[in-house]
Amino acid sequence: MATVVDQVKETLVGTENGAGLSVQTRYDFMHNAIKDDDGELYMGEKEFVDAIAPEGEDYHKIKREQYSLLFSIADRAHKGRITIQDWSVFNNLLAKPDAEYEIAFRLFADPGTGQVDFTSFKESYARNKTSDTIPFNWDSDWAKLYLGGKRHRHSMTYPQFAQMLRGLQGERVRQAFIHFDKNEDGYITPEDFQRIIQETAAHKLSDHLLTNLPTLCNISPGSKISYANVRAFQNVIREMDLVELVIRNAIRKSEDGKITRVDFLNEAARITRFTLFTPMEADILFHFASLDQPSGRLGITDFARVLDASWHTNGNNLNDPTPGIAGAAEKAVAGSGSFLHSVLVSAHHFGLGAIAGAFGAFMVYPIDLVKTRMQNQRSARVGQMLYKNSWDCATKVVRNEGFRGLYSGVLPQLVGVAPEKAIKLTVNDLVRGNFTDVKTGAIDFKWEMLAGASAGTCQVVFTNPLEIVKIRLQVQGEAMKAAARDGEAIPKRSAMWIVRHLGLLGLYKGASACMLRDAPFSAIYFPTYAHLKRDFFGESPTKKLGVLQLLTAGAIAGMPAAYLTTPADVIKTRLQVEARKGESSYNGIRDAARSIYRDEGAKAFFKGGPARILRSSPQFGFTLAGYEVLQGMLPLPGEHDEEGMRGSLEPATGLTEAKAPLPYLRSRNALKIILDLDLGFGRAKAAEGANKWLPSLRGGTGSGSGSGSAVVAAASAEPNA
């Protein structure tokens with residue numbers, strides 16, 4: 001029951017997440033969490049991995065189970081489960097600009113001292129490295145520079161540890177080269193080189209590159225690979241981002257979209273200041289990129305095989321939206337999917353706007369009827385004052401025509417208002433979207449007004465025929481009563497009779513006045529509504545407004561828009577109502593305005609103004625609130641797939657810009673840094689559970705699991721470094 005009450009409260013008054021608990025953070029936790037016996041939500045290791053590494057993505061570089069390595073960091077209490085608070089803290093950590101290195105540091109650091117102890121770190125490395133890995137000497141001169149000699153070992157602070165990790169891969173490659181250089185002649189075999197790179201950088205390099213590593217010996221005479229070759233290759237993969245920048249700049253200046261080695265080096269000289277590529281490094285880059293294109297002129301697809309870690313050996317092209325289709329005609333048809341999808345999204349919004357518009361119109365229709373009768377009332381002649389005010393009008397309608405009289409003409413109103421409001425909401429969204437800064441979400445006020453005015457102008461196509469039929473139905477009750485007093489009988493007309501009687505041109509009588517009312521109304525209304533939500537009610541990514549707040553914002557925004565456009569509405573009503581016996585007809589907007597001012601005074605232009613406020617404010621409040629609620633209740637599947645809440649995690653690397661939020665990319669990048677130590681991290685312990693993993697990694701017994709000693713005993717069978 002409490003859950004139902006909470007849901008109702010959230011819908012009505014909205015939600016505001018605490019600091020660090022964003023909409024995305026809360027969504028991911030609630031979407032993946034499970035309940036324990038007491039009904040408390042939590043995430044175990046499996047649910048945690050589902051949250052940060054969902055199934056169905058590409059994990060051929062970093063295995064999905066290796067993401068469980070990060071569970072020990074999120075599980076602050078070491079209980080094998082994380083709460084929403086733990087999840088929020090972990091996401092807050094991921095949001096830090098240096099999250100990748102801090103995650104790696106926390107994996108090894110002592111929580112009490114905040115430093116990494118060398119002995120514990122070395123033991124953890126020994127337990128988690130693969131059994132046949134190339135040995136690494138932690139007593140080398142390089143390691144002593146960071147850790148001190150055997151007699152003067154010291155713990156590492158976070159900055160020291162991060163800097164050590166930065167240079168670790170290069171040192172591993174150097175030591176591995178020495179390990180295989182048995183003759184000490186400065187050369188190793190291509191197979192040994194391939195093993196070195198696969199053990200130290202397989203998680204960062206493409207399948208194409210890894211498969212063809214032995215061919216590096218072909219860039220120079222002989223059948224072996226020198227240390228200079230290895231260092232040059234290491235420099236290329238370390239500067240992948242800079243290499244890509246140079247390539248893109250050079251290709252952009254090329255007429256055919258392809259470049260040579262000379263073009264690359266020339267462009268590198270133009271854009272680099274301190275990092276210059278050596279001839280050997282350029283040779284290595286073009287060697288691996290041209291294995292399938294030996295012409296010497298290479299395009300972006302050729303380089304993607306080298307630079308993009310997500311490139312598969314099946315030869316997929318990240319720049320081709322239809323990689324599995326060969327024919328040009330089929331590609332054109334398949335490529336149209338995005339256009340058809342955008343049409344479907346617009347149709348979906350149009351449908352939601354139609355439902356919301358009909359709902360809003362129905363809720364305030366009695367007020368609209370009173371407003372129309374007040375505006376149509378002419379006071380120039382004695383006996384024409386049927387109603388003293390809006391309340392008097394409403395009571396007389398109920399007394400003379402019954403309660404159903406308040407809804408005279410409601411059916412055509414509901415039929416017509418659906419497309420009217422739908423096109424209004426859709427056009428406003430489209431125009432605002434075109435002028436909104438996609439990075440900041442900001443839009444200039446002038447463009448906000450243009451979006452609103454455009455929406456109001458477009459809706460006249462539906463509004464005017466609807467209005468003229470509705471108005472004539474709304475006033476025929478009083479016309480019939482007046483005729484009866486004079487001894488005349490006027491038959492009751494239906495909506496279809498009015499449509500047939502007016503004809504197509506007649507349905508657009510008063511269209512200019514209608515546009516004069518609707519364009520300014522929307523130009524005032526939509527910007528006011530948007531600013532009220534953001535500036536007054538505080539809508540933000542961490543605060544979702546409830547229905548009551550949306551209704552209030554819509555109602556307040558409708559007040560100035562409705563009242564300031566009342567003169568145009570009065571003129572429109574007079575032009576569209578069929579003149580009664582003894583009443584003069586108007587010939588256009590100017591004639592109507594002059595006649596009303598001459599016969600009834602300036603106050604006549606604001607007849608029905610209060611009723612118009614009472615009608616328009618809640619109507620648009622109901623409409624927009626309903627529109628936004630419906631968008632949440634009835635989302636279009638796939639509408640937000642491209643920019644989605646998460647985006648793509650693993651494949652979005654290299655030559656394709658990552659679409660996933662930074663926290664998830666940093667989670668992946670943190671694993672890349674940890675795997676620089678050894679590719680075995682996260683694999684051997686993943687199946688044993690996070691509580692077992694944590695104490696074995698940090699060299700303690702942990703808390704809450706009681707299984708740390710068993711893991712240490714099992715791990716002790718592995719060879720030491």
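Everything quoted here is computed from the prediction, not taken from an experiment. (Residues numbered from 1 in each chain as written. Predicted model: local features only at pLDDT ≥ 70, side-chain atom pairs only at ≥ 80, totals over all residues. Heavy atoms only, no water.)

S.K.: Before we move on, could you go through the overall build of the protein and cite the residues and values that matter?
M.R.: When helices and strands are counted, the protein shows 30 helices and 6 strands. Residue burial in the protein is summarised as follows: out of 721 residues, 49% are buried. Intrachain contacts of the protein at a sequence separation of at least 6 include 72% that bridge at least 24 residues. Entry remark: accessible area of the protein is about 34,500 Å², with carbon and sulfur atoms responsible for 58%. (Helix = DSSP H or I, 4+ residues; strand = E, 2+ residues; numbered from the N terminus. Buried < 20%, exposed > 50% of the residue type's maximum accessible area, 1.4 Å probe, protein only. Contact = heavy atoms within 4.5 Å. Areas by Shrake-Rupley, 256 points an atom, 1.4 Å probe, with all protein chains shown as cover.)

S.K.: Account for the packing of aromatic side chains, naming residues and giving values.
M.R.: All chains considered together, the criterion is met by 30 aromatic pairs. Here the aromatic rings of F403 and Y407 are separated by 6.1 Å at their centres, their planes lie at 50°, and the arrangement is tilted. Judged by its relative accessible area of 57%, F403 is exposed. Taken together, F105, F108, F121, Y125, F136, W138, W142, Y146, Y158, F161 and F681 form an aromatic cluster joined through their ring pairs. Here the basic side chain of R81 rests over the ring of Y42, its NZ or CZ set 4.0 Å away from the ring centre. The positively charged end of R153 is found above the aromatic ring belonging to F118, 4.3 Å away from the centroid. (Phe/Tyr/Trp six-rings, centres within 6.5 Å; stacked < 30°, edge-to-face > 60°. Lys NZ or Arg CZ within 6 Å of the ring centre and 35° of its normal.)

S.K.: I'd like a rundown of the side chain of E600, residues and numbers included.
M.R.: With respect to the helices, strands and loops of the structure, E600 is situated in helix α26 (residues 588-600). Residue E600 is classed as buried on the basis of its relative accessible area, which comes to 16%. Within polar-contact distance, the side chain of E600 engages the side chain of R574 at 2.8 Å. (Polar contact = N/O pair within 3.5 Å; in protein donor to acceptor, adjacent residues only side chain to side chain.)

S.K.: Break down the packing of helix α25 (residues 566-576) against α26 for me, citing the residues and quoting the values.
M.R.: Taken N-terminus to C-terminus, the directions of α25 and α26 make an angle of 105°; their axes are 10 Å apart at the nearest point. Comparing the axis directions of α25 and α26 gives the class roughly perpendicular. Residues V570, I571, R574 and L575 of α25 form the contact with α26, whose own contacting residues are G588, I589, A592, A593, I596 and E600. Of the residues belonging to the contact of α25 with α26, the class tally is 7 nonpolar, 1 polar and 2 charged. (Axes fitted to C-alpha atoms, helices over the stretch in contact; angles between N-to-C directions. Parallel < 35°, antiparallel > 145°, perpendicular 65-115°, else oblique. Nonpolar A, V, L, I, M, F, W, Y, C, P; charged D, E, K, R; others polar.)

S.K.: Describe the environment of I259, listing the residues and the values that go with them.
M.R.: Relative to the helices and strands, I259 is located in the loop between α13 (240-253) and α14 (261-271). On a C-alpha basis, the gap between I259 and L298 in space is 5.4 Å, while along the polypeptide they are 39 residues apart. When residues no more than four places from it in sequence are discounted, the contact partners of I259 are I247, A250, I251, S254, F264, F286, G296, R297, L298 and F303.

S.K.: Before we move on, could you go through the environment of N464 and cite the residues and values that matter?
M.R.: Of note, N464 is situated in helix α21 (residues 445-485). Excluding residues within four positions of it along the chain, N464 makes contact with L507, Y508, K509, G510, A511, C514 and Q576. Of note is the side chain of N464, whose polar atom sits 3.1 Å from the backbone oxygen of K509. A polar atom in the side chain of N464 sits 3.4 Å from the backbone nitrogen of A511.

S.K.: Go over the nonpolar core with me, naming the residues and quoting the values.
M.R.: The biggest cluster of nonpolar side chains holds 94 residues, and the ones touching the most others in it are W138, F161, F233, I247, F264 and F303. When residues of this core are assigned to their parent elements, the largest contribution, 8 residues, is made by helix α9 (residues 158-180). With 23 residues, the next largest nonpolar core counts I423, V427, Y525 and F526 among its residues. (Core = buried A, V, L, I, M, F, W, Y, C linked by side-chain atoms within 4.5 Å.)

S.K.: I'd like a description of empty space enclosed by the protein, backed by residues and values.
M.R.: Counted by the stated rule, this structure contains 4 cavities of 30 Å³ or more. Estimates place the volume of the second largest cavity at around 70 Å³. Looking at the second largest cavity, the residues that line it are Y125, T133, I134, P135, F136, R172, Q175, A176, E199 and T200. Among the elements of the structure, α9 and α10 (190-201) are those that each provide at least two residues to the lining of the second largest cavity. In terms of residues, the lining of the second largest cavity owes the most to one element, α9, which gives 3 residues. Grouping the constituent residues of the lining of the second largest cavity by class yields 5 nonpolar, 3 polar and 2 charged. (1 Å grid on protein atoms, 1.4 Å probe; cavity = no way out; pocket = protein on both sides within 12 Å on 5 of 7 lines; lining within 4 Å. Points joined across faces, edges and corners; volume = space filled by probe spheres on them.)

S.K.: I'd love a proper account of the environment of Q413, names of residues and values included.
M.R.: Considering the arrangement of structural elements, one finds Q413 in helix α20 (residues 410-435). Taking relative accessible area as the criterion, Q413 reaches 5% and is therefore assigned buried. Sequence-wise, Q413 and E467 are 54 residues apart; in three dimensions their C-alpha atoms are separated by 7.9 Å.

S.K.: Any chance you could break down helix α15 (residues 279-289) for me, citing the residues and the numbers?
M.R.: The element α15 is largely enclosed, with a buried count of 8 among its 11 residues. Of all the residues in α15, the buried ones are E281, A282, I284, L285, F286, H287, F288 and A289. Packing partners of the buried residues in α15 comprise α11 (207-211), α12 (227-238), α13, α14 and α16 (300-307).

S.K.: Describe helix α19 (residues 390-401), and please don't skip the residues or the numbers.
M.R.: The terminal C-alpha atoms of α19, which comprises 12 residues, lie 16 Å apart, in line with the 16 Å expected from a rise of 1.5 Å per residue. Within the sequence span of α19, burial applies to D392, C393, A394 and V397. Taking the backbone nitrogen of W391 as reference, a side-chain oxygen 3.2 Å away marks N389 as the first, capping residue of α19. Looking one or two residues beyond α19, the residue adopting positive phi is G402, at roughly 85°. (Expected span 1.5 Å × (residues − 1).)

S.K.: I'd love a proper account of the confidence of the model for the protein, names of residues and values included.
M.R.: When the pLDDT values of the protein are averaged, the result is 76; 76% of them are 70 or greater. This model gives residues 313-337 a pLDDT under 50, and the stretch forms 21 contacts once residues within four places in sequence are excluded. Under a pLDDT of 50 for its full length, residues 685-721 has, in the predicted model, 70 contacts with residues more than four places off or in other chains. (pLDDT = per-residue confidence, 0-100.)

S.K.: So what's going on with a nonpolar patch on the surface? Which residues, and what values?
M.R.: The grouping of V461, F462, L504 and Y508 at the surface amounts to a nonpolar patch, some 380 Å² of accessible area in total. Within the secondary structure layout, L504 lies in helix α22 (residues 495-507). (Patch = residues over 30% accessible without salt bridge, like charges linked within 9 Å, V, L, I, M, F, W, Y side chains within 5 Å. Salt bridge = Lys/Arg side-chain N within 4 Å of Asp/Glu carboxyl O.)

S.K.: Describe the packing of helix α6 (residues 99-108) against α9, listing the residues and the values that go with them.
M.R.: The description of two helices packed together rests on the angle between their axes and the distance between the axes. Where α6 contacts α9, the axes come no closer than 10 Å and their chain directions differ by 110°. As summarised for this structure, α6 and α9 are arranged roughly perpendicular, according to the angle between their axes. Between α6 and α9, the contacting residues are Y101, E102, A104, F105 and F108 on the first element and Y158, F161, A162, L165 and R166 on the second. Of the residues that constitute the contact of α6 with α9, the class distribution is 8 nonpolar, no polar and 2 charged.

S.K.: Which residues make up the pattern of salt bridges, and what values go with them?
M.R.: Throughout the structure, instances matching the rule amount to 25 salt bridges. Two residues, R305 and D302, come together in a salt bridge whose shortest N-O distance is 3.1 Å. In this pair, R305 and D302 are both assigned in helix α16, 3 residues apart and thus about one turn of the helix distant. On the basis of relative accessible area, R305 is assigned to the buried category, the value being 16%. Look at D302 and you get buried, because its relative accessible area is 8%. Salt-bridge contacts for E600 lead to R574; the nearest nitrogen and oxygen are separated by 2.8 Å.

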